Amino acid sequence: RPVVSQEELKRIITDSKSAELTVKKAKEQGSFLAEGKKRLSTSQIRAIFDEVRQIEALWSQDPNQAIRRLYLLKPKVRYRAGKEKGKVEDLAKVLEPAIDIVLTGPDEGTKYTYFRHFVDFFEAILAYHRAAGGK
């Protein structure tokens, strides 16, 4: 199962020079989520990704509220993983620790930078999932 290691995830989120690793791991994860018996549907990913986009839009207006919603995204991801058995769990195994890493940023500016890297990674997973035939 190509679940991204904690070390790789930390580099993807915290290192601005990790674009190559971001693309490589997003491709592996997106392809994995599109294949097999319990393949993940695009709508299952979009339900979570849409919330991430809302947080992104909120960040410029109210960073504290955006950070709060990011914390609350973890139980939403967990809920979906429990409700929709299968590959949502595999996506959750990547998103939950990634959110934790974003939230370790020592200040608001760093958290935002980490969040942008998280969004880039998640967006790339979604793109590669679709490219691999995810419906």
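Everything below is about the structure printed above this text.
Residues numbered from 1 in each chain as written. Predicted model: local features only at pLDDT ≥ 70, side-chain atom pairs only at ≥ 80, totals over all residues. Heavy atoms only, no water.

**Q** Tell me what's going on with the overall build of the protein chain, and back it up with residues and numbers.
**A** Along the protein chain, the regular secondary structure elements total six helices and zero strands. Against the globule reference of 14 Å for 135 residues, the protein chain gives a C-alpha radius of gyration of 14 Å, in line with a compact fold. For the protein chain, the spread of C-alpha atoms along the three principal axes comes to 40 × 30 × 20 Å. The burial tally for the protein chain puts 48% of its 135 residues in the buried class. Within the protein chain, residue pairs in contact and separated by at least 24 positions form 72% of the contacts whose partners lie at least 6 positions apart. (Helix = DSSP H or I, 4+ residues; strand = E, 2+ residues; numbered from the N terminus. Rg over C-alpha atoms; globule rule 2.2 N^0.38 Å. Buried < 20%, exposed > 50% of the residue type's maximum accessible area, 1.4 Å probe, protein only. Contact = heavy atoms within 4.5 Å.)

**Q** Can you explain the nonpolar core? Please cite residues and give values.
**A** By size, the foremost hydrophobic cluster in this structure holds 41 residues, and its most contacted members are Leu 70, Leu 91, Phe 115, Phe 118 and Phe 122. Going through the elements one at a time, helix H1 (6-14), helix H2 (19-34), helix H3 (42-59), helix H4 (63-83), helix H5 (87-103) and helix H6 (108-131) are the ones with two or more residues in this core. A per-element tally of this core places H5 first, with 10 residues. Those residues in contact with Leu 91, other than ones at most four positions away along the chain, are Leu 33, Leu 40, Ile 45, Ile 48, Phe 122 and Ile 125. (Core = buried A, V, L, I, M, F, W, Y, C linked by side-chain atoms within 4.5 Å.)

**Q** Give a description of H2 that names residues and reports values.
**A** Each α-helix winds once per 3.6 residues, and so residues spaced three or four apart point in a common direction. With 16 residues, H2 should cover 22 Å at 1.5 Å per step; its first-to-last C-alpha distance of 22 Å lies within 8% of that length. Residues of H2 that are buried: Leu 21, Thr 22, Lys 25, Ala 26, Gln 29, Gly 30, Ser 31, Phe 32, Leu 33 and Ala 34. The first or second residue beyond H2 is Gly 36, which carries a positive phi of 90°. (Expected span 1.5 Å × (residues − 1).)

**Q** How would you summarise the packing of H1 against H2 if you had to cite specific residues and measurements?
**A** When two helices pack together, their arrangement is given by the angle between their axes and by how far apart the axes lie. Where H1 meets H2, the closest approach of the two axes is 9 Å, and the angle between their N-to-C directions is 125°. Compared by their axis directions, H1 and H2 come out oblique. Classified by chirality, the crossing of H2 by H1 is left-handed. Each of Glu 8, Arg 11 and Ile 12 in H1 lies in contact with H2, whose residues at this interface are Leu 21, Thr 22 and Lys 25. Per-class residue counts for the contact of H1 with H2 are two nonpolar, one polar and three charged. (Axes fitted to C-alpha atoms, helices over the stretch in contact; angles between N-to-C directions. Parallel < 35°, antiparallel > 145°, perpendicular 65-115°, else oblique. Left-handed = near helix turned anticlockwise from the far one by under 90°. Nonpolar A, V, L, I, M, F, W, Y, C, P; charged D, E, K, R; others polar.)

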